[in-house]
Amino acid sequence: MPTLKILVGTMYGGALDVAEQVKPLFEDAGYEVAVLEQPTLVDIVEDTDLALFCTSTTGSGDFPGNIVPFVRELQEKSPGLPNLRYGLIALGDSSYGDTFCGAGRRLDELLQEQGAMRLGERLEIDAMETFMADDAALPWVESWIASQNLKVA
Ligand SMILES: Cc1cc2nc3c(=O)[nH]c(=O)nc-3n(C[C@H](O)[C@H](O)[C@H](O)COP(=O)(O)O)c2cc1C
């Protein structure tokens, strides 16, 4: 059974909740799913070809603390990720203006700089519009799995 890793960046648990809520959709599609609350670079460098990133933004466009080590390693080690295909869910709040979903957008750039390929569009969930992030994430993941032919079971 292939493994799907969900790498989480969260301050208050919202992005982690999204990861836990979408996990069964991937299990139904034939994956063993690992939700990583303290992601490190090794998690995706070692034989991972598909991953989902799920991160909120804190401060002023900043990464949540738990995903900072991953981002630092990505920048410092610049490992090259040509085999990685990924999806990205960014949680944010448009009342923060220019820094809306800043962490998710920056992570997307960093992954692409390493040669990773994003499958489909990034999902940006705006807390001003969507009270429960799951309401936006669940249908998005369902259609992501279908449109990218990710079902293996
Ligand atoms: C102190 C603080 C700073 C924030 N800064 C930003 C920001 O710069 N840009 C943004 O889009 N959202 C920002 N947000 C909104 C959060 O990203 C949003 O509420 C998200 O759903 C929180 O998810 P989490 O529980 O996984 O951390 C901020 C929230 C807080 C409390």
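Scoring rules and cut-offs
- Residues numbered from 1 in each chain as written.
- Predicted model: local features only at pLDDT ≥ 70, side-chain atom pairs only at ≥ 80, totals over all residues.
- UniProt positions renumbered as here; feature names shortened; annotations may be inferred.
- Helix = DSSP H or I, 4+ residues; strand = E, 2+ residues; numbered from the N terminus.
- Buried ≥ 20, exposed ≤ 12 C-beta atoms within 10 Å, placed from the backbone.
- Near = placed C-beta within 6 Å.
- Nonpolar A, V, L, I, M, F, W, Y, C, P; charged D, E, K, R; others polar.
- Contact = placed C-beta atoms within 7 Å.

An unreviewed UniProt entry annotates the chain as Flavodoxin of Halomonas binhaiensis. Taken from UniProt, the Cofactor (unreviewed entry) comment for the chain reads in full: "FMN".

A.B. asks: Teacher, can you tell me more about unusual backbone geometry here?
C.D. replies: If a residue is not glycine, its phi is most likely negative; likewise, a peptide bond is most likely trans. For C101, which is not glycine, the phi torsion reads 50° and is therefore positive. Mapped onto the secondary structure, C101 falls in the loop between strand 4 (85-92) and helix 4 (102-113). Unusually for a residue other than glycine, N149 sits at a positive phi of about 50°. Along the polypeptide, N149 turns up in the segment after helix 5 (133-147). Overall, N149 belongs to the exposed group, with 8 C-beta atoms counted inside 10 Å.

A.B. asks: Could you clarify how one ought to interpret the site of the ligand in this entry?
C.D. replies: Not every one of the 22 residues close to the ligand is listed here, only the nearest: T10, Y12, G14, S56 and G92. Sorting the residues of the shell around the ligand by element identifies helix 1 (14-28) and strand 4 as the ones contributing at least two each. In terms of residue class, the shell around the ligand is made up of 9 nonpolar, 12 polar and 1 charged.

A.B. asks: Is there a simple way to explain the environment of T55 in this structure?
C.D. replies: Looking at the secondary structure, you find T55 in strand 3 (residues 50-56). For T55, a count of 31 C-beta atoms within 10 Å translates into the label buried. The spacing of T55 and P79 is 24 residues in sequence and 21 Å in space, taken between C-alpha atoms. Setting aside anything within four residues of it in sequence, one finds T55 in contact with V8, G9, A15, P64, I67, A90, A103, G104 and L107.

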